[in-house]
Amino acid sequence: MAALRAAWRNPALVIALHPHLSPVVQIMKARARKFRSIVFTHGVEVWQPLGWPRGAALRSADMVIGPSADTVQHLISRQHIPPGKVQRLPWGLDPEFEARIAATGRHAPAPPPGFPPNGNIILAVGRWDSAENIRVLTL
């Protein structure tokens, strides 16, 4: 209901942060046709064809964003999104994040007990779904 009320305010742009929200955007467009829409995708949820209404709603978006070349390819081949409507936007960490934290005067929290004092640290944040068939490589 909040989305429908927002549509009455004639937004210029509506962004959905998950493909399962694309039907909501499509309903909003039925009320206020003038706005542009962008739908973000994340991975496994678009690797198989989406049924109606999600697939149709995703295809009606003005732009669909995928974080990787693989997800973009799935959007084109499995969801039948025209290539001109799909863009790749990798998730990333702002290279200036440490300087931005320092500028705020805040200090990074202390590492947890037993955390190695030296060495390289690799952080990977995401979700693992058995459908994604992830292989973990040991370095």
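Our focus in this paragraph is the sheet that holds strand β3 (residues 63–66). Read from one edge of the open sheet, four strands run β1-β2-β3-β4, paired in parallel fashion. Because the sheet does not close on itself, it has two edges, and the strands there are β1 (13–16) and β4 (86–88). Shown here is a sheet whose adjacent strand axes are inclined to one another by a mean of 20°, direction ignored. As defined by bridge partners, β1 adjoins strand β2 (residues 36–40) across four bridges and the pair is classed as parallel. Looking at β2, one finds that I15 is bridged to I38. Sitting on the sheet, helix α4 (residues 69–77) touches β3 and β4, and the angle it makes with β4 is about 175°.

Take unusual backbone geometry next. Residue W52 is joined to P53 through a cis peptide bond whose omega torsion reads 10°. Locating P53 in the fold gives a position in the loop between β2 and α3 (54–60). The phi angle at N10 is positive, at roughly 55°, despite the residue not being glycine. For N10, the position within the fold is in the loop between α1 (2–8) and β1.

Cut-offs and rules
Residues numbered from 1 in each chain as written. Predicted model: local features only at pLDDT ≥ 70, side-chain atom pairs only at ≥ 80, totals over all residues. Heavy atoms only, no water. Pairing = 2+ DSSP bridges. Helix = DSSP H or I, 4+ residues; strand = E, 2+ residues; numbered from the N terminus. Axes fitted to C-alpha atoms, helices over the stretch in contact; angles between N-to-C directions. Contact = heavy atoms within 4.5 Å.

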